[in-house]
Amino acid sequence: MVDSASLQFVSPYAFEAMQKVDVARLAALSDPELRLLLPCLVRMALCAPADQSNAWAQDKKLILRLLSGVEAVNSIVALLSVDFHALEQDARKEQQLRHKAGGSNSESILVSQLQHGLTLEFEHSDPLRRLRLALSELLAIMNKVADSNGEFFLKSSELFESPVYLEEVADVLCILQAELPSLLPIIEVAEALLHVRNGEWFMCLLVANVPDSFSEVCRGLIKNGERQDEESVGGRRRTEALRQLCQMNPSQALNIRAMVVEECHLPGLGVALTLDYKPDMADEAVSPLVSYVSGLLLGTNGKVRTWFSMFIRNGQQVRRSNKSSSVLWQMRRQLLLELVAILPRSRSTHVPNDTDMDSESSSGYSGLREEHVVKASALLRLYCALMGIAGLRPTDEEAEQLLQLMTSRPPATPAGVRFVSLSFCKLLAFPTLVSTPEQEQLMVMWLSWMIKEEEYFESAAGVSASFGEMLLLVAMYFHSNQLSAIIELVCSTLGMKIAIKPSSLSKMKTIFTQEIFTEQVVTAHAVRVAVTNNLSANITGFLPIHCIYQLLRSRAFTKHKVSIKDWIFRQLCETTTPLHTQLLPLIDVYINSILTPASKTNPEATNQPITEQEILNVFQGLAGVARSQYTITTQLLILYYILSYEEALLANTKTLALMQKKPKSYSPALMDQIPIKHLIRQAQGLQQELGGLHSALLRLLATNYPHLCMVEDWISEEEVTGTLPLLRKMLLTSSSCKYSQTQLREAFQNVLSGGPGLLRILEHLTLLSAGDLIPYAEALTSSMGLLLEDGVSRRIIQTVNKLWMVLNTVMPRKLWVMTVNALQPLVKLLRQQRYTQNDLMVDPLIVLRCDSRVFRCPPLMDITLHMLNGYLLASKAYLNAHLKETAEFERQAQTVSNLGLSGQPDTPEVTREELKNALLAAQDSAAVQILLEVCLPPPQEELSVQSREAEGGLLSDLREVQCLICCLLHQMFIADPNIAKLVHFQGYPQALLPLTVAGIPSMHICLDFIPELLAQPQLEKQIFAIQLLSHLCTQYALPKSLSVARLAISVMGTLLTVLTRAKRFAFFMPTLPCLVSFCKAFPPLFDDVMSLLIQVGQVSAADVTTKARDIDPLIARLQYLGQKPQEIRLSESKYSLRKRSAEELGRADPDVQLCYQIEATFMDIISSSTQAL
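Note that this is a predicted model, so its numbers are computed, not measured.

Draft legend 1. Local environment of the overall build of the chain. When helices and strands are counted, the chain shows 63 helices and 0 strands. Counting the 1173 residues in the chain, one finds 51% classified as buried. Here the contacts in the chain between residues at least 6 apart in sequence split such that 74% fall between residues at least 24 apart. Of the accessible surface of the chain, which amounts to about 54200 Å², a share of 52% is contributed by carbon and sulfur atoms.

Pasting the structure below:
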């Protein structure tokens, strides 16, 4: 018997020569090397080649010359002279026989009557018998492998174990496989050779003589291999065989390793191949072993990660006498050697005893060399993955060297910063590495060095995210006992998910909170940290903003009376797009620390808010006069801060009142100077870069400034920023306007005589963007009163309206104030009475106290209605905020004043809310009543309108104004149906009913409350309800209208029985014509209406029986026509006569007038019904 390690394997040089059929290289081989390749070379020389070229003929001559001096060639030639066809037939018969016999070796067709042992028989046999002996033995092993169901066995065979005949057996094996490939597939032969001694040597020779089969054999061995090769003898033999194959063909080693990972089989082989791999150009940064194992454990393939982790865990559990034979032990040893090699000489306190380390100068290099930093970081991450993911338990030697590496001091480079961060997180993830007091002292010294040097590292390395911020952040988490946050931070920095028990951090927590970072030290240090310049989402890692955020959350600044306001303001000013995700949470927690004290015992322990002057500096020059020095990101963040602060102040009113603490709100004057809408419009175009800031600002605006979020404004903005305006702006060759504000004012002064000049300037201004138009706002609005003069071109007024709407998209609040002041009546202008933003929010009706000529100028009326709608919304928000702001403080003050006084209950809060709602309802209804009054033309205007309509023209200024007003009223009624109810309970002129019902689409909601209006005790409201219902039935012939009309008829019948004579006349004279509309809209009501008319006629006739005129014939006619309405075909002259009679009796008794009104109503109903037919 012989150990395969003492056998000569095929060298990589020889295998490459065979693979490329390089005859020159083959000739350079030594005799022992050439002996291993003889089967293939002899077959190559004797068999007829497929290549008939002259080059191959010359190479073949060289091969023959090479073989001529080798004695063993003759025996191989003799082997090739056998009849392989007959041999194959006998082999197949033997296979069938064995299959029938159940695998027993009792009979053999290939070999029979063995007189001696297999080895002696082989020695004394001729070539044919040698082939039969080897083939019989090989087939027996292959059959046993097929029947073993994957269980490994090692078959003892004299033929494959005798050192004397190994080369002859190898020759026979190679010839058999080459001549009988269908009977002996090379993959199955290789699999069978694993089960005999020296199998890997035979396998290498077999593959070397068939070099093209290398990848096929390796893949087959890997596919049939075990998932964990270190656990079994078969797995280790398979790994060793494949390792020998790859040593024979090292160029394919990495491909074979990739197959191992792909199949998730034989993990030890992958590691062994990596250990054997010697790259042509060594990577000084990271070794192949570190790269390979890191890729397996830190890659995205979870299946591969689990497979390799199992290899590590199982490898630690196996106890073997010779540990050095374990691939896992070899891997750990190699990693340890690499770790020790990069340690500074003074730090490597213990060097493995079996390594040859180059002697270095004893001067002592205390710092980690720059060329070793990247490799050290890779080693740290790999050990983290091995320990945290694969469950590696480090030995004392490994733990000691790891701690020495982690506490070494790298140079001040970005890679050095990364190394320190990784070392720090590894200490947190695996605190068990620090086990002795000396090691703990070493760690404390290293942490102290980190604190001392972090500022220098940040400046020297030129990075924004340094390890100093991570130290602060961890210290804060420890102080607030947020251990889960520390675990998340560690996993994020290391780039892997590690299971860390919070209880394991107790020692580190004690060191941090008691020895290194007390809370006071943390806050004092954090406020001195420089802000991050140009902070954006592109800057990754742990920044000062993360530390400040955590300290604000834990209220450390207020607890230790450290001012953080200046730092936050500076950081907000040093921001750019894309927006960093931590900025909005920072602002929110900062606002909370301003309003809410750290503890109830110390209500003054709050942070200071940003001053108004600092805020003004940010927005200075934004109104178009000069460019601001701050970025749009800073301005939007400050705007978000102000709006969030005001909202939080209102939300915490109750809490603040209980503590008798009232933080100062920002003044309205400050808010007036911030171009909120202009900023929001810019943010809309930067939504991708601003993250959630744009949506957060919209939410705050909708709550606190609803007048800046009107739907019509967003629609008009689409018109301003659409395709058509873009094409028109292309006509503007320069971004600057060629007209000044002075020229615009002068042109307005000459509007009557120089209209074309003014129009030319205005048309040019329409090409400007909204932002470029801001400087012209004052000149434009201050001259709007001049447009009310007679003779001003309508086109000029419409162009001014268009420019005003464009300006409204960027500076609505300031524009509204200027416009209201410009459109005041002449008396107020002479008194120079100027309204402010606050005046208009308190009393929105000031907008309608403008020059009366505005009410007949549709373009300016459109502007006025827009402002009115906005200020009504602003007034609601203002009163809601005022109520929240003062309610709790007044209640607290009243409670204090009532102490000791009995019988004086507090004013209920519901009363304040009701008063506020009543005031808002009064404002809205007053606005609606004023607008309805505007729709009524004065007598002279009515005559001119009637004459224009008679000429066929329906469009007039009045008509256009009525349409604008109806649109606004429709919006108001839809937004709050209670306004419609209130207005109609108040009532308005009956002449406006045709206009309101036809012009306001939402008037159908009145059907809901008309029954309630009919139930009112006032006769005027009942009359108005019936008149309104008559128009609604004509406009909306719905089932609901029919039911309400029935109710109205019933109410009229009831009132007939209870009203006095005078009231009956006052009620029925205006309401009887409404019955015509009821019957016209709903013919089924004809009978009920007829009955009512007859009842009214009877009552009226009874009251005039004492009169000279006899009314009884009228009653008789009514009853007759009610029964036979077809008799309506009376002559038209008769009906006209009756009407004239009624006119003649206009000054007569009211009952007589009522009777004739009844008859006229009756005739109108029947006439309308027949016309419908």
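Draft legend 2. How the structure looks around unusual backbone geometry. At the junction of Thr 577 and Pro 578, the peptide bond is cis and its omega measures out at -5° in the coordinates. Considering the arrangement of structural elements, one finds Pro 578 in the loop between α31 (565–573) and α32 (583–595). Of note, Val 21 is a non-glycine position whose phi angle comes to about 50°, a positive value. As for its placement among the helices and strands, Val 21 is situated in the loop between α1 (12–20) and α2 (23–27). Among the residues examined, Val 21 registers a relative accessible area of 34% and is labelled partly exposed. Phi is positive for Leu 266, which is not a glycine, with a value near 55°. Relative to the assigned elements, Leu 266 resides in the loop between α16 (253–263) and α17 (267–276).

Draft legend 3. Highlighting the packing of helix α58 (residues 1039–1058) against helix α59 (residues 1061–1081). Running from N to C, α58 and α59 cross one another at 155°; their axes reach a closest spacing of 11 Å. When the interaxial angle is binned, α58 and α59 end up roughly antiparallel. The two elements α58 and α59 cross, and the hand of that crossing is left-handed. Two secondary-structure elements touch here, α58 through Ala 1045, Ala 1048, Ile 1049, Met 1052, Leu 1055 and Leu 1056 and α59 through Arg 1064, Phe 1067, Phe 1068, Thr 1071, Leu 1075 and Phe 1078. For the contact of α58 with α59, the residue count by class is 10 nonpolar, 1 polar and 1 charged.

Draft legend 4. Spotlight on helix α9 (residues 127–147). In a regular helix each residue adds 1.5 Å, so 21 residues correspond to 30 Å; α9 covers 30 Å between its end C-alpha atoms and thus fits that length. Downstream of α9 by one or two residues, Asn 149 has phi in the positive range, about 55°.

Draft legend 5. Structural view of the nonpolar core. Counting 250 residues, the largest nonpolar core has Leu 245 and Tyr 641 as the members making the most contacts within it. Ranked by residue count, the leading element in this core is helix α34 (residues 632–651), at 12 residues. Residues contacting Leu 245, with those up to four places away along its chain left out, are Met 203, Cys 204, Val 207, Phe 214, Val 217, Cys 218 and Leu 221. Among the nonpolar cores identified, the runner-up in size contains 130 residues, and Met 818, Leu 840, Leu 993 and Ile 1023 belong to it.

Draft legend 6. Looking closely at the environment of Val 847. Take Val 847: it is sitting in the loop between α49 (837–842) and α50 (858–897). Sequence-wise, Val 847 and His 866 are 19 residues apart; in three dimensions their C-alpha atoms are separated by 10.0 Å. The residues contacting Val 847, other than those within four sequence positions of it, are Val 820, Leu 840, Thr 864, Met 867, Leu 868 and Tyr 871.

Draft legend 7. The side chain of Lys 565, seen in detail. One can find Lys 565 in helix α31. Judged by relative accessible area, which is 12%, Lys 565 ranks as buried. Non-local contacts of Lys 565, meaning those with residues more than four positions away in its chain, are made with Tyr 590, Gln 608, Pro 609, Ile 610, Thr 611 and Glu 614.

Draft legend 8. Up close: the confidence of the model for the chain. Within the chain, residue pLDDT values average 80, and 82% of them lie at 70 or more. A low-confidence stretch, residues 346–365 (pLDDT under 50), is modelled with 34 contacts involving residues beyond four sequence positions or located in other chains. The model gives residues 1128–1142 a pLDDT under 50, and that stretch makes 11 contacts with residues more than four places away or in other chains.

Draft legend 9. Structural view of the packing of aromatic side chains. Counted under the stated rule, the structure contains 13 aromatic pairs. Both rings, one in Trp 201 and one in Phe 202, keep their centres 5.2 Å apart while their planes meet at 75°; by these two values the pair is edge-to-face. Residue Trp 201 is classed as buried on the basis of its relative accessible area, which comes to 3%. Looking at Phe 202, the relative accessible area reads 1%, which means it is buried.

Draft legend 10. Representation of the pattern of salt bridges within the structure. Scanning all chains against the criterion turns up 30 salt bridges. We note a salt bridge from Glu 16 to Arg 25, for which the minimum N-O separation is 3.1 Å. For Glu 16, a relative accessible area of 28% corresponds to the partly exposed category. Take Arg 25: its relative accessible area is 25%, and that puts it in the partly exposed class. Measuring nitrogen to oxygen at the nearest pair gives 2.7 Å for the salt bridge that ties Glu 960 to Arg 794. Residue Glu 960 is located in helix α53 (residues 957–975), and its partner Arg 794 is located in helix α46 (residues 794–808); the two are separated by 166 residues in the primary sequence. Given a relative accessible area of 31%, Arg 794 falls into the partly exposed group.

Draft legend 11. Layout of α46. Compared with an ideal rise of 1.5 Å per residue, which puts 15 residues at 21 Å, α46 spans 21 Å between its outermost C-alpha atoms and is within 8% of the ideal. Of all 15 residues making up α46, 11 are buried, and the element is well covered by its neighbours. For α46, the full list of buried residues reads Ile 796, Ile 797, Thr 799, Val 800, Asn 801, Leu 803, Trp 804, Met 805, Val 806, Leu 807 and Asn 808.

Draft legend 12. Focus on the environment of Thr 996. With respect to the helices and strands, Thr 996 occurs in helix α55 (residues 993–999). With relative accessibility at 2%, the residue Thr 996 sits in the buried group. Each C-alpha atom of the pair Thr 996 and Leu 932 lies 8.7 Å from the other, and the pair is 64 residues apart in sequence. Residue contacts for Thr 996: discarding those within four places in its chain leaves Leu 932, Tyr 988 and Met 1003.

Draft legend 13. Just the packing of helix α19 (residues 302–317) against helix α20 (residues 327–342), in detail. Interaxial distance between α19 and α20 falls to 9 Å at its minimum, and their mutual angle equals 100°. Judged by the angle between their axes, α19 and α20 are roughly perpendicular. Of the residues in α20, those touching α19 at Phe 308, Phe 311, Ile 312, Gly 315 and Gln 316 are Leu 328, Met 331 and Arg 332. Considering only residue class, the contact of α19 with α20 consists of 5 nonpolar, 2 polar and 1 charged.

Draft legend 14. Expanded view of a nonpolar patch on the surface. A surface patch of nonpolar side chains, about 230 Å² in accessible area, is lined by Phe 152, Leu 154 and Val 233. Along the chain, the position of Val 233 falls in helix α15 (residues 233–248). Exposure remark for Val 233: the relative accessible area of 47% places this residue in the partly exposed category.

Cut-offs applied
Residues numbered from 1 in each chain as written. Predicted model: local features only at pLDDT ≥ 70, side-chain atom pairs only at ≥ 80, totals over all residues. Heavy atoms only, no water. Helix = DSSP H or I, 4+ residues; strand = E, 2+ residues; numbered from the N terminus. Buried < 20%, exposed > 50% of the residue type's maximum accessible area, 1.4 Å probe, protein only. Contact = heavy atoms within 4.5 Å. Areas by Shrake-Rupley, 256 points an atom, 1.4 Å probe, with all protein chains shown as cover. Axes fitted to C-alpha atoms, helices over the stretch in contact; angles between N-to-C directions. Parallel < 35°, antiparallel > 145°, perpendicular 65-115°, else oblique. Left-handed = near helix turned anticlockwise from the far one by under 90°. Nonpolar A, V, L, I, M, F, W, Y, C, P; charged D, E, K, R; others polar. Expected span 1.5 Å × (residues − 1). Core = buried A, V, L, I, M, F, W, Y, C linked by side-chain atoms within 4.5 Å. pLDDT = per-residue confidence, 0-100. Phe/Tyr/Trp six-rings, centres within 6.5 Å; stacked < 30°, edge-to-face > 60°. Salt bridge = Lys/Arg side-chain N within 4 Å of Asp/Glu carboxyl O. Patch = residues over 30% accessible without salt bridge, like charges linked within 9 Å, V, L, I, M, F, W, Y side chains within 5 Å.

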